[in-house]
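# Architecture and fold: a report
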Amino acid sequence: QVQLVESGGGLVQPGGSLRLSCAASGSIFNIYAMGWYRQAPGEQRDLVADISSDGFTNYADSVKGRFTVSRDNAKNTVYLQMGSLKPEDTAVYYCNAYIRDRPNRNVAIAYWGKGTLVTVSS
């Protein structure tokens, strides 16, 4: 009943910028942490950035200073503003969120989007 849908991926030149969005919908009582992971070909899926419900953020060292994660709780949406993009940033970016789907179920479940491809190339 809960789904996460990413948008905003595409092709961008090195040094360019791109903004990813991820909207959660369905049966949602509360959303805790939300974040972004990425997976390049032949690599494992790694954390890019995440943000708690009250705005505390965490970034991978490789993107710190270039990427900014934010969220709009009213819209159940998390964003990833990516700047100074490098070819090494090329990957499928996945949205992640921990969601409590109803008030009588006291557990947060991890949900994943299907991913959006970001390609940084000249």
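First, a word on what this report is: a plain description of the structure on this page. (Residues numbered from 1 in each chain as written. Predicted model: local features only at pLDDT ≥ 70, side-chain atom pairs only at ≥ 80, totals over all residues. Heavy atoms only, no water.)

## Describing the overall build of the protein chain
How we decide: Each helix is a run of H or I in the DSSP string that is no shorter than four residues. Each strand is a run of E no shorter than two, and both are numbered from the N terminus. Using C-alpha atoms as the atom set, the radius of gyration is obtained and then compared with a globule rule of 2.2 Å times the number of residues to the power 0.38. Exposed residues in this analysis have more than 50% of their type's maximum accessible area, buried residues have under 20%, and partly exposed residues fall in between, with area computed by a 1.4 Å probe over protein chains only. Reported accessibility uses the Shrake-Rupley method at a 1.4 Å probe radius. Residues are deemed covered only where the shown protein chains occlude them.
Counting its secondary structure elements, the protein chain contains zero helices and eleven strands. Taken against the 2.2 N^0.38 rule, which gives 14 Å for 122 residues, the C-alpha radius of gyration of the protein chain at 14 Å falls within 12% of a compact globule. When the backbone C-alpha atoms are referred to their principal axes, the protein chain occupies close to 50 × 25 × 25 Å. In the protein chain, which comprises 122 residues, the share counted as buried stands at 39%. Summed over its atoms, the accessible surface of the protein chain is roughly 6,600 Å², and 47% of this surface lies on carbon and sulfur atoms.

## Quick word on the pairing of strand β4 (residues 30-39)
Put simply, the test is: The rule for pairing is simple: two strands pair if DSSP sees at least two bridges between them.
Examined bridge by bridge, β4 and strand β9 (residues 91-100) share eight bridges and lie antiparallel to one another. Bridge assignment links Asn 30 to a residue of β9, and that residue is Arg 100. Note that β4 and strand β5 (residues 46-51) share five bridges and pair antiparallel. When the bridges of β5 are listed, Arg 38 appears paired with Asp 46. The turn joining β4 and β5, which pair antiparallel and follow one another in sequence, is formed by six residues; a positive phi near 75° is taken by Gly 42.

## With respect to the sheet that holds strand β3 (residues 18-25)
So the rule is basically this: Only the stretch in contact is used when fitting a helix axis, every axis being a line fitted to C-alpha atoms; angles between N-to-C directions are given from 0 to 180 degrees.
Here four strands make up an open sheet; going across it, the order is β1-β3-β8-β7 and the pairing antiparallel. Bordering the open sheet on either side are β1 (3-7) and β7 (67-72), each of which pairs with just one other strand. Averaged over neighbouring strand pairs, the angle between their axes works out to 15° when direction is ignored. Strand direction decides the pairing type here: β3 and strand β8 (residues 77-82), joined by six bridges, are antiparallel. Residue pairing for β8: Leu 18 is matched across the bridge by Met 82.

## Thoughts on the environment of Asn 73
This is how the line gets drawn: N or O atoms closer than or at 3.5 Å make up a polar contact, with two conditions inside protein: a donor-capable atom paired with an acceptor-capable one, and, for residues adjacent in sequence, both atoms drawn from side chains.
Following the sequence through the fold, Asn 73 ends up in the loop between β7 and β8. Each C-alpha atom, one on Asn 73 and one on Ser 53, is 7.7 Å from the other, the two residues being 20 residues apart in sequence. Looking at Asn 73, its side chain comes within polar contact range of the side chain of Arg 71, at 2.7 Å.

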